[in-house]
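# Working through the structure, step by step
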Amino acid sequence: MKLGLSSLLFPNASIDDIVKFSAKLGAECVEIIYDAPHFPPDYDQRKLSGIKELLDAHGLRVSVHGSFWDLNPASHHRELQKLTLKQVGRSIDACRALGGEIVVLHWGRCPVPEAKDFLEGAKRRYRRFLEQCLPYARDRGVTLALENAGGQLATYPSTVEELKRLVLELEGAKVAFDIGHAHLAERRAGGKATGLAIAEAIEGLREHLVHVHVHDNHGKDDDHLPPGDGDINFKPVVEALRAINYGGLLIAELWNPKHPLETGRKGMKKLRNLFKTS
Ligand SMILES: [Mn+2]
């Protein structure tokens, strides 16, 4: 597996500096969030070739996190769903231009999940959204990886089981497994020691899992801390990824806008300790 960082951590640095800094820390890959602040809606895609050259010069693999800020693929507002489709299409184009293979996609949101018909409608709209994105991605040699959310009722899919059912239904859809979100989902469902449950989820998704996000939290908020700074027991999780022979990218998706450099350094070190030692 290849270890690396997400551009999420560096809202105030340029993408070029993020690439250079990640390489300096020994990262083998970078995940680029195709959205603001680095990629505003009017971003000129021709500039992507310069980023690709820099990635290649440093020998870094790349993945793209599809646009998601202020968007909703399950929206009941037709215009918003259409805009989401457009921006995700641009994310897929960007991935191809950068030489990446995977675009991570977020879940859909239903603002009033208590309204059963409204929630069912949101689920239908999300599936239809994916049915439109999947062939577009396939034609460009890009795999769409659906990320598991933190277990809230307002998201679809909201559980790992629901995510698995969805990818089984949709040809070509794969899974981006987010360890921090899986921990939150387990805690919100009343679980205490979540390590084994996360490991079981990984094993249950082995056929579909093509990408991994790593970060830690205390089971309440989606803090995006370096591994070890929250209360996830990573041991069974690492063992599960080894057991399924996971060979894809492993992205530390961290957040600390006041101290991004130190946090990135710490995150990469933790990743190496967890995944590169036997
Ligand atoms: Mn994630």
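Below or above, wherever it landed, is the structure these notes cover. Please read all numbers here as calculations on a predicted model, not as lab measurements.

Let us look at the pattern of salt bridges. A complete count under the given rule lists 11 salt bridges for this structure. Residues R127 and E169 are paired through a salt bridge, measuring 4.0 Å at the closest nitrogen-oxygen approach. Within this pair, whereas R127 is found in helix α4 (residues 116-139), its partner E169 is found in helix α5 (residues 160-169), the two being separated by 42 residues in sequence. By relative accessible area, which is 53% here, E169 ends up exposed. Between R187 and D231 there is a salt bridge; the shortest N-O distance is 3.3 Å. Here D231 lies in the loop between β9 (209-214) and α8 (234-243) and R187 lies in helix α6 (residues 179-188), a separation of 44 residues in the sequence. Judged by its relative accessible area of 24%, R187 falls in the partly exposed class. One salt-bridge network, in which partners are shared between bridges, spans E120, K123 and E162.

A few words on the sheet that holds strand β4 (residues 102-105). Spatially, 8 strands are ordered β1-β2-β3-β4-β6-β8-β9-β10 in a closed barrel, and the strand pairing comes out parallel. Each adjacent strand pair in this sheet contributes to an overall mean axis angle of 30°, direction not counted. Direction of pairing for strand β3 (residues 61-65) relative to β4: parallel, over a ladder of 2 bridges. Its bridge partner lying in β4, V64 is registered against V103. This element, helix α9 (residues 260-275), spans β1 (2-6), β9 and β10 (249-252) of the sheet and lies at about 155° to β1.

Donor atoms from the polypeptide that bind the manganese ion are E147 (OE), D178 (OD), H213 (ND1) and E253 (OE), placed at 2.1 to 2.2 Å. Sequence positions of the donors to the manganese ion reduce to the motif E-x30-D-x34-H-x39-E. Taken together, the residues span a long stretch of sequence, with H213 in strand β9 and E253 in the loop between β10 and α9 at a distance of 40 residues. The residues H213 and E253 share a single accessibility class, namely buried.

Below, the discussion takes up the nonpolar core. The biggest cluster of nonpolar side chains holds 75 residues, and the ones touching the most others in it are F177 and I179. Broken down by element, the residue count for this core peaks at 8 residues, all from α4. Setting aside residues up to four positions removed in sequence, I179 forms contacts with I198, V212, H213, V214, H215, I232, F234, V237 and L241.

This paragraph deals with unusual backbone geometry. The omega angle of the peptide bond from A36 to P37 is 10°, so this bond is cis rather than trans. The residue P37 is located in the loop between β2 (29-33) and α2 (48-57) in this model. Even without a glycine there, the phi angle at N245 is positive, about 65°. With respect to the helices and strands, N245 occurs in the loop between α8 and β10.

A separate point is the pairing of strand β6 (residues 143-147). Burial runs high along β6: 4 of the 5 residues are buried. Where β4 meets β6, 4 bridges bridge the pair, whose relative direction is parallel. Directly across from L105, in β6, lies its bridge partner L146. As defined by bridge partners, β6 adjoins strand β8 (residues 174-178) across 3 bridges and the pair is classed as parallel. Looking across to β8, one finds that L146 is bridged to V175.

The rules behind these values
- Residues numbered from 1 in each chain as written.
- Predicted model: local features only at pLDDT ≥ 70, side-chain atom pairs only at ≥ 80, totals over all residues.
- Heavy atoms only, no water.
- Salt bridge = Lys/Arg side-chain N within 4 Å of Asp/Glu carboxyl O.
- Helix = DSSP H or I, 4+ residues; strand = E, 2+ residues; numbered from the N terminus.
- Buried < 20%, exposed > 50% of the residue type's maximum accessible area, 1.4 Å probe, protein only.
- Pairing = 2+ DSSP bridges.
- Axes fitted to C-alpha atoms, helices over the stretch in contact; angles between N-to-C directions.
- Contact = heavy atoms within 4.5 Å.
- Donors = N, O, S within 2.8 Å, 3.2 Å for Na, K, Ca; no water.
- Core = buried A, V, L, I, M, F, W, Y, C linked by side-chain atoms within 4.5 Å.

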